[in-house]
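# Summary of the model geometry
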Amino acid sequence: MEDDSLQFRQLLLLIDEKLGAEDVAALKFLCTDLIPLRKLESVQSAMDIFQFLIDEDYLNEEDTFLLAELLYRIKYHSLLSLLGYTKEKVQECLSTFVSLSLSYRQMLYELSENITNEMLQEIVFLLRNHLPKRRTATVCRERGKYAHGREGRRLEWEWNGRRSVRSLWQEKMVLFTWLGLDVRIYTDQTSDQIKELMQAWQRSEDHKDRDCFVCCILSHGESGAVYGKDGKLVSIRTIMAYFTAKQCPQLTEKPKLFFVQACQGKEIQRPVYVETDARVPDFSSEQQSISPSESIPEEADFLLGMATIDGYASFRHVQEGTWYIQALCSKLQLLVPRGEDILSILTEVNEDVSKRVDRYGMRKQMPQPAYTLRRRLIFPIPKDPPPSQQY
C-alpha cells in the first residue's frame with residue numbers, strides 16, 4: 001500500500017515537471033470551485049494543486065480521473081497516458097459524466113484568453129446598467145486572478161502557450177501582407193496534418209512565380225521538434241526537408257524562411273550580470289557577395305529562426321504575445337523600410353529579446369537563427385507605411 005502511494009506521488013511529480021507557469025495558472029482557475037480560495041492564493045506549482053485536491057478527497061491513487069479531466073481541459077493530452085487514459089477515453093467518460101463546474105470554468109477560461117483589458121472595460125461599460133455593482137466587481141476580479149495574477153497585476157511573462165498566441169499571431173500576419181507576401185493561415189493542425197500541409201506546399205505550382213517562401217509555426221515544442229494538436233511531435237528538420245532543392249525544384253535558389261515560436265525544452269535561461277563598461281563588438285552588416293556556381297548544395301538558401309536555443313523554454317506576454325514574435329514583427333516594421341537584410345534584422349531581434357526579463361528578473365531568453373543563405377536577403381521596401389501606422 002505504501003509502495004502504491006509512493007508511486008502515485010512520483011507520478012504526480014513527473015506531471016508537475018512537465019507543466020509550465022501558464023498551465024498552473026489554468027489549473028488554478030479551473031479548480032476555483034474545488035479548492036478554497038485562500039489555498040489557491042498560495043499555489044506556486046502544479047504539485048501544490050495536486051496536494052490540495054488530495055486533501056479535499058478529489059484525487060487519490062485509486063481515482064485519478066479528475067486530474068485526467070483537468071489535463072484534458074487544458075489540452076495537455078500527451079500527459080494523459082501517464083494516468084492510463086487517452087484523449088478519446090476521457091471524452092467518452094465526460095459524455096456520461098460531466099463536471100458542470102469545470103465545464104463552466106473552461107468556458108470562462110477560453111473566453112478570457114481572447115479578451116484584452118480594453119475589451120473587458122467595454123464589456124463592463126455596456127453591462128453597467130444590467131449588472132449589480134457587486135457582480136461587475138466579481139467579473140473583474142475573477143478574470144484578474146487568472147489573467148493578471150495576484151492583486152490584479154498583469155503578469156509580464158508566461159510559458160509559450162497554445163491558445164491566445166494564435167489570435168495574436170493572426171493580427172501580426174498583416175505585417176507579412178505589408179511585406180508583399182500572400183498569407184495563408186492554418187490553425188490547430190495535428191502532426192499528420194502538418195506533414196500533409198507541407199507536402200501540399202511542396203507540390204504547389206505557385207512557387208515558380210514567387211521570389212521566396214516563408215513558413216511560421218507557433219506551438220509547444222521539444223528539442224528540434226514541435227507538437228501538433230494531437231500531442232505528437234514533428235521534427236523541424238522533417239518540415240524543412242520538404243523544400244530542399246531536390247524535393248521542391250521550383251524553390252531552387254530562392255530563399256526559404258522558417259520562423260518557429262516554440263519551446264525547445266524546459267530549462268530556464270538565467271540572467272548573467274556584466275560589468276557596466278562591457279561593450280558588444282560592432283559587427284558590420286556587410287557581407288561578401290558569393291560568386292554564382294554551376295551547382296548548389298541541396299539544402300542551400302534556408303533560414304531557420306528559432307525563438308530560443310535548444311533545451312530551453314520560450315516566453316510570452318499575456319496580452320502582447322511571445323517575446324520573439326513581438327521583437328520579430330517590430331524589427332521587420334522598423335528595418336525593412338531602411339533596406340536592412342534579414343540577418344541584420346534577426347541580429348537586432350536577438351538583441352531585443354535578450355534584454356527582456358520576467359517581472360522577477362530571473363528568466364531570460366535567447367533566440368537562435370541558423371541559415372544556409374548564399375546571398376543577402378532584402379525585402380522590397382513597401383510603398384505603404386507599416387501596419388502600426390495605418391490605424
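Please refer to the structure placed before this passage.
All values reported here derive from a predicted model rather than from experimental measurement. Within every chain, residues take consecutive numbers counted from 1 along the sequence as written. Only residues with pLDDT of 70 or above have their local features reported here, since the model is predicted, and side-chain atom pairs are shown and tallied only from 80 upward, although totals for entire chains, interfaces and linings are computed over all residues. Computation of side-chain values: all heavy atoms of the structure, hydrogens and water removed.

### Considering the overall build of the protein chain
Across its full length, the protein chain holds 15 helices and 10 strands. For the protein chain, buried positions account for 45% of its 391 residues. Residue contacts are counted whenever heavy atoms from the two residues lie within 4.5 Å of one another. Of all intrachain contacts in the protein chain linking residues separated by at least 6 positions in sequence, the fraction that spans at least 24 positions is 75%. Secondary structure is summarised from DSSP: a helix means a run of H or I of at least four residues, a strand means a run of E of at least two, and numbering begins at the N terminus for each. Buried, partly exposed and exposed residues are distinguished by accessible area as a fraction of the type maximum, computed with a 1.4 Å probe on protein chains only: under 20%, between the cut-offs, and over 50%, respectively.

### Regarding the sheet that holds strand β5 (residues 233-235)
The pairing criterion for strands is at least two bridges between them, as found by DSSP. With respect to topology, three strands assemble into an open sheet ordered β3-β4-β5, the strand pairing being antiparallel. The open sheet has two edge strands, β3 (221-222) and β5, and neither has a second partner. Where strand β4 (residues 225-227) lies against β5, three bridges are found, and the strand directions are antiparallel. By the bridge assignment for β5, A225 is matched with S235.

### A short note on the nonpolar core
Grouped together as the largest cluster of nonpolar side chains are 37 residues, with contacts concentrated most on I15, L19, F50, L53 and L71. Taken together, the elements giving at least two residues each to this core come down to α1 (2-18), α2 (21-30), α4 (46-55), α5 (65-73) and α6 (87-96). When neighbours within four sequence positions are excluded, L53 is seen to be in contact with C31, L34, I35, Y58, L59, L66 and L70. Here, nonpolar core refers to any group of buried Ala, Val, Leu, Ile, Met, Phe, Trp, Tyr and Cys residues whose side-chain atoms link them within 4.5 Å. W178, V214, F259 and W323 belong to the second-largest nonpolar core, a separate cluster that totals 32 residues.

### Focus: the sheet that holds strand β2 (residues 213-218)
Within a sheet, neighbouring strands are paired by backbone hydrogen bonds and run either parallel or antiparallel to one another. Read across the sheet, four strands follow the order β2-β6-β7-β10 without closing on themselves; strand pairing throughout is mixed. Edge positions in the open sheet fall to β2 and β10 (368-371), since each of these has one partner strand only. Neighbouring strand axes in the sheet, compared pairwise and without regard to direction, differ in orientation by 10° on average. Axes here refer to lines fitted to C-alpha atoms; in helices the fit is confined to the stretch in contact. Angles between the N-to-C directions go from 0 to 180 degrees. Set on the sheet, helix α15 (residues 342-355) makes contact with β6 (256-261), β7 (302-306) and β10; between it and β10 the angle comes to about 160°.

### Focus: the environment of P386
Note on placement: P386 falls in the segment after β10. Between the alpha carbons of P386 and L332 there is a distance of 9.2 Å; along the sequence they are 54 residues apart. Residue contacts for P386: discarding those within four places in its chain leaves W178 and Q333.

### Section: the side chain of Q365
Along the chain, the position of Q365 falls in the loop between α15 and β10. For Q365, the side chain forms a polar contact with the main-chain oxygen of A307, separated by 2.8 Å. Here F315 takes part through its backbone nitrogen, which lies 2.8 Å from a polar atom of the side chain of Q365. Discounting residues that sit within four places of it in the chain, Q365 has contacts with Q269, A307, T308, A313, S314, F315, W323, Y324, V353 and S354. Whenever two N or O atoms come within 3.5 Å, that pair is a polar contact, provided that in protein one can donate a hydrogen and the other can accept it, and provided that, for residues adjacent in sequence, both atoms are side-chain atoms.

### A short note on the pattern of salt bridges
The term salt bridge refers to a side-chain nitrogen of Lys or Arg lying within 4 Å of a carboxyl oxygen of Asp or Glu. Enumeration over the complete set of coordinates arrives at 10 salt bridges. Salt-bridge contacts for E299 lead to R237; the nearest nitrogen and oxygen are separated by 3.3 Å. In this pair, E299 is assigned in the loop between β6 and β7 and R237 in helix α13 (residues 236-241), connecting sequence segments 62 residues apart. The partly exposed category is assigned to E299, whose relative accessible area is 38%. Through salt bridges that share partners, D182, D206 and R210 make up one connected network.

### A few points about the packing of helix α14 (residues 323-335) against α15
Taken N-terminus to C-terminus, the directions of α14 and α15 make an angle of 135°; their axes are 9 Å apart at the nearest point. With respect to their mutual orientation, α14 and α15 come out oblique. You can see that α14 and α15 cross each other, and the crossing is right-handed. Here W323, Y324, A327, L328, K331, L332 and L335 of α14 lie close against α15, whose contacting residues are I342, I345, L346, E348, V349, D352 and V353. Of the residues in the contact of α14 with α15, the class split is 11 nonpolar, no polar and three charged. For classification, angles of less than 35 degrees are called roughly parallel, those exceeding 145 degrees roughly antiparallel, those between 65 and 115 degrees roughly perpendicular, and all remaining angles oblique. The crossing is said to be left-handed when, going from far helix to near helix, the turn is anticlockwise and less than a right angle, and right-handed when the turn is clockwise. Residues are grouped as follows: Ala, Val, Leu, Ile, Met, Phe, Trp, Tyr, Cys and Pro are nonpolar; Asp, Glu, Lys and Arg are charged; every other residue, Gly included, is polar.

### A few points about the pairing of β6
Most of β6 is tucked away, with six of its six residues classed as buried. Side chains K256, F258 and V260 of β6 all project onto a buried face; the interleaved residues L257, F259 and Q261 project onto the opposite face, where all are buried too. Bridge count between β2 and β6: six bridges; the pairing is parallel. Pairing of V214 across the sheet is with L257, part of β6. Relative to β7, β6 runs parallel, the two being bridged by five bridges. Paired with F259 across the bridge in β7 is G305.

### So, unusual backbone geometry
For residues that are not glycine, phi is negative in most cases, and the peptide bond is trans in most cases. In this structure, K75 is a non-glycine residue whose phi angle is positive, near 65°. Looking at where K75 falls in the secondary structure, it is placed in the loop between α5 and α6. You will see that D188, though not glycine, has its phi angle at about 50°, which is positive.

### What about the environment of Q199?
You can see Q199 is positioned in helix α12 (residues 191-202). Residue Q199 is classed as partly exposed on the basis of its relative accessible area of 30%. A sequence separation of 48 residues divides Q199 from Q247, and the C-alpha atoms of the two residues are 9.8 Å apart.

### What about the state of the cysteines?
Whenever a pair of cysteine sulfur atoms sits within 2.5 Å, that pair is classed as a disulfide. Per the stated rule, a full pass over the model turns up zero disulfides. With no disulfide of its own, C215 lies closest to C216 among cysteine sulfurs, the gap being 6.7 Å. On the basis of relative accessibility, which here comes to 9%, the residue C215 falls in the buried class.

These values are about where atoms sit, not about what they do.
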